[in-house]
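Examining the three-dimensional arrangement
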Amino acid sequence: GENVEQHPSTLSVQEGDSAVIKCTYSDSASNYFPWYKQELGKRPQLIIDIRSNVGEKKDQRIAVTLNKTAKHFSLHITETQPEDSAVYFCAASGHNQGGKLIFGQGTELSVKP
Amino acid sequence: EAGVAQSPRYKIIEKRQSVAFWCNPISGHATLYWYQQILGQGPKLLIQFQNNGVVDDSQLPKDRFSAERLKGVDSTLKIQPAKLEDSAVYLCASSFSEDTQYFGPGTRLTVL
């Protein structure tokens, strides 16, 4: 079955710096890769997603890149702000998996003012 | 648009007791998911429904966990009897098809 590895587990940056979180997946049939942000005690919130027919997607300060050959995808946050502090999860799924999301272990991002 | 609703938000029980969680998905979403999120980990799928049929329950511990979605809308997840290792947040999510999933606030279960 699918397996998703996420690194780093913790990340601390200064306000205004960039943050990068990386994930690798094992199932080459996976074709949908969402990123969720989860603040303490709250629900996971979708922040951006990418499908396998696209190599990069950007939404304001957030971007995601996908390398299908290497089976890895990354989240890039530029000009970080203290409110970006949260746990970020990557996930992967495919049509042959019925839409089932396999999540990474999470990255705790801390943005210091 | 109303989001995914879950209740209760918190539950504390003794081991070997039973507990039930309720989920109301976003209106019109045919697919409903139950995830278990243990502290410090990513959510893990327990069961997936398409309307009132089960699509995937391969990770559901069927000796103690059960779930139903009788009318294809609301769903309940039950644990009987509970074990200490069941302490976790139980998240419900829904999607229009096998697409973007929206999560509810979760139920935090503590088993003592």
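Every value quoted in this text rests on a predicted model; they were computed, and no experiment measured them.

What counts, and at which threshold
Residues numbered from 1 in each chain as written. Chains lettered and ligands numbered in written order. Predicted model: local features only at pLDDT ≥ 70, side-chain atom pairs only at ≥ 80, totals over all residues. Heavy atoms only, no water. Phe/Tyr/Trp six-rings, centres within 6.5 Å; stacked < 30°, edge-to-face > 60°. Helix = DSSP H or I, 4+ residues; strand = E, 2+ residues; numbered from the N terminus. Pairing = 2+ DSSP bridges. Axes fitted to C-alpha atoms, helices over the stretch in contact; angles between N-to-C directions. Contact = heavy atoms within 4.5 Å. Buried area = accessible area lost by both parts, 1.4 Å probe. Salt bridge = Lys/Arg side-chain N within 4 Å of Asp/Glu carboxyl O. Polar contact = N/O pair within 3.5 Å; in protein donor to acceptor, adjacent residues only side chain to side chain. Buried < 20%, exposed > 50% of the residue type's maximum accessible area, 1.4 Å probe, protein only.

A word on the packing of aromatic side chains. Tallied over the full model, the rule gives 13 aromatic pairs over all chains. When the ring of B:Y35 is compared with that of B:F103, the centres are 5.4 Å apart and the planes differ by 45 degrees; the resulting orientation is tilted. Here the residue B:Y35 occupies a position in strand β4 (residues 31-37), and B:F103 occupies one in strand β10 (residues 102-103), the gap between them amounting to 68 residues. Clustering of aromatic rings is evident, with ring pairs tying together A:Y36, A:F89, A:F103, B:Y33, B:Y35 and B:F103.

Sheet strands pair by backbone hydrogen bonding; their relative direction is either parallel or antiparallel. All names here are of chain A. The five strands lie next to each other as β1-β3-β8-β7-β6, forming an open sheet whose pairing is antiparallel. Each end of this open sheet is capped by a strand with a single partner; those strands are β1 (4-7) and β6 (56-59). Neighbour to neighbour, the strand axes of the sheet diverge by 15 degrees on average, direction disregarded. When β1 meets strand β3 (residues 19-25), the two strands line up antiparallel, connected through four bridges. Its bridge partner lying in β3, H7 is registered against K22.

All names here are of chain B. Reading across the sheet, the four strands line up as β1-β3-β8-β7 and stay open at both edges, with antiparallel pairing between neighbours. Because the sheet does not close on itself, it has two edges, and the strands there are β1 (5-7) and β7 (65-68). Averaged over all neighbouring strand pairs, the angle between strand axes comes to 15 degrees, with direction disregarded.

This part is about the interface of chain B and chain A. Across the boundary between the two partners, chain B contributes 22 residues, which contact 19 residues of chain A. Carbon and sulfur atoms supply 49% of the area buried between chain B and chain A, which totals about 1,500 Å² over both sides. Across the salt bridge formed by A:K100 and B:D56, the nearest N and O atoms sit 3.5 Å from each other. Our count for the contact surface shared by chain B and chain A stands at four residue pairs in polar contact (both at pLDDT 80 or more). Of all the secondary-structure elements, those providing two or more residues to the side of chain B that touches chain A are β4 and β5 (44-50) of chain B. It is β4(B) that contributes the most residues to the side of chain B that touches chain A, three residues altogether.

All names here are of chain B. Counted by the stated rule, this structure contains five salt bridges over all chains. Between R64 and D86 there is a salt bridge, with the nearest N and O atoms lying 2.5 Å from each other. Of this pair, R64 sits in the loop between β6 (53-56) and β7 while D86 sits in the loop between β8 (75-79) and β9 (88-95), and the two are 22 residues apart along the sequence. Here R64 and D86 have matching classes, each one buried.

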